[in-house]
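# Fold and geometry: a report
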Amino acid sequence: MKDYIEERAIDIANYIIENNATVRQTAKAFGISKSTVHKDVTERLMQINPTLAKEARKVLDVNKQERHIRGGMATKEKYQHMHQEQRI
């Protein structure tokens, strides 16, 4: 594995842990795809630093469990905003 990929995987994991970030937020911050973030954390990082990989995975697992809640909240805000515009 190339050095820059290893460094990126470590940087990504640290970013996720420090910011409690989602895969989408991390991908946007690093300018890479969500699938690259996922592969770096779940596959590549396990070979480089398994302990760091497990910590990052914990954050991603929590985010995955909560994503339906965040999606529901976003939908609620969308419709509340639409309802307010109709009243005006």
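Our subject is the structure that appears above.
Notes on the structure in this doc start here. It should be emphasised that the depicted structure is a prediction, and the values quoted were computed from it without experimental measurement.

## As for the packing of aromatic side chains
For the structure shown, the criterion picks out one aromatic pair. Between Tyr-15 and Phe-30, the aromatic rings sit 5.5 Å apart at their centres with planes inclined by 90°, giving edge-to-face as the arrangement. Of this pair, Tyr-15 sits in helix H1 (residues 3–19) while Phe-30 sits in helix H2 (residues 23–30), placing them 15 residues apart in sequence.

## Overview of the pattern of salt bridges
Evaluated as defined, the whole model comprises four salt bridges. Note that Glu-43 is salt-bridged to Lys-39, the shortest N-O span being 3.7 Å. You can see Glu-43 and its partner Lys-39 sitting in helix H3 (residues 34–48), four residues apart, about one turn around the helix. Assessed through its relative accessible area of 45%, Glu-43 is described here as partly exposed. Classification of Lys-39 as partly exposed rests on a relative accessible area of 37%.

## Re the nonpolar core
Counting 13 residues, the largest nonpolar core has Ile-12, Ala-13, Ile-16, Val-37, Val-41 and Leu-45 as its most contacted members. Listing elements by their share of this core, those giving two or more residues are H1, H3 and helix H4 (50–87). Of all the elements, H4 adds the most residues to this core, at five residues. Apart from residues no more than four positions distant in its own chain, Val-41 is found in contact with Ile-12, Ile-16, Met-46, Ala-53, Ala-56, Arg-57 and Leu-60.

## Overview of the side chain of Asp-40
Within the fold, Asp-40 resides in helix H3. Judged by its relative accessible area of 0%, Asp-40 is buried. Within the structure, Asp-40 has its side chain in polar contact with the side chain of Arg-44 (distance 2.5 Å). Beyond its immediate sequence surroundings of up to four residues, Asp-40 is in contact with Ile-5, Arg-8, Ala-9, Ile-12 and Leu-45.

## A word on the environment of Arg-44
Relative to the assigned elements, Arg-44 resides in helix H3. Overall, Arg-44 belongs to the partly exposed group, its relative accessible area being 21%. In this structure the C-alpha to C-alpha distance between Arg-44 and Ala-9, which are 35 residues apart in sequence, comes to 7.0 Å. Other than its neighbours up to four places away in sequence, Arg-44 contacts Met-1, Ile-5, Arg-8, Thr-36 and Lys-39.

Calculation rules
Residues numbered from 1 in each chain as written. Predicted model: local features only at pLDDT ≥ 70, side-chain atom pairs only at ≥ 80, totals over all residues. Heavy atoms only, no water. Phe/Tyr/Trp six-rings, centres within 6.5 Å; stacked < 30°, edge-to-face > 60°. Helix = DSSP H or I, 4+ residues; strand = E, 2+ residues; numbered from the N terminus. Salt bridge = Lys/Arg side-chain N within 4 Å of Asp/Glu carboxyl O. Buried < 20%, exposed > 50% of the residue type's maximum accessible area, 1.4 Å probe, protein only. Core = buried A, V, L, I, M, F, W, Y, C linked by side-chain atoms within 4.5 Å. Contact = heavy atoms within 4.5 Å. Polar contact = N/O pair within 3.5 Å; in protein donor to acceptor, adjacent residues only side chain to side chain.

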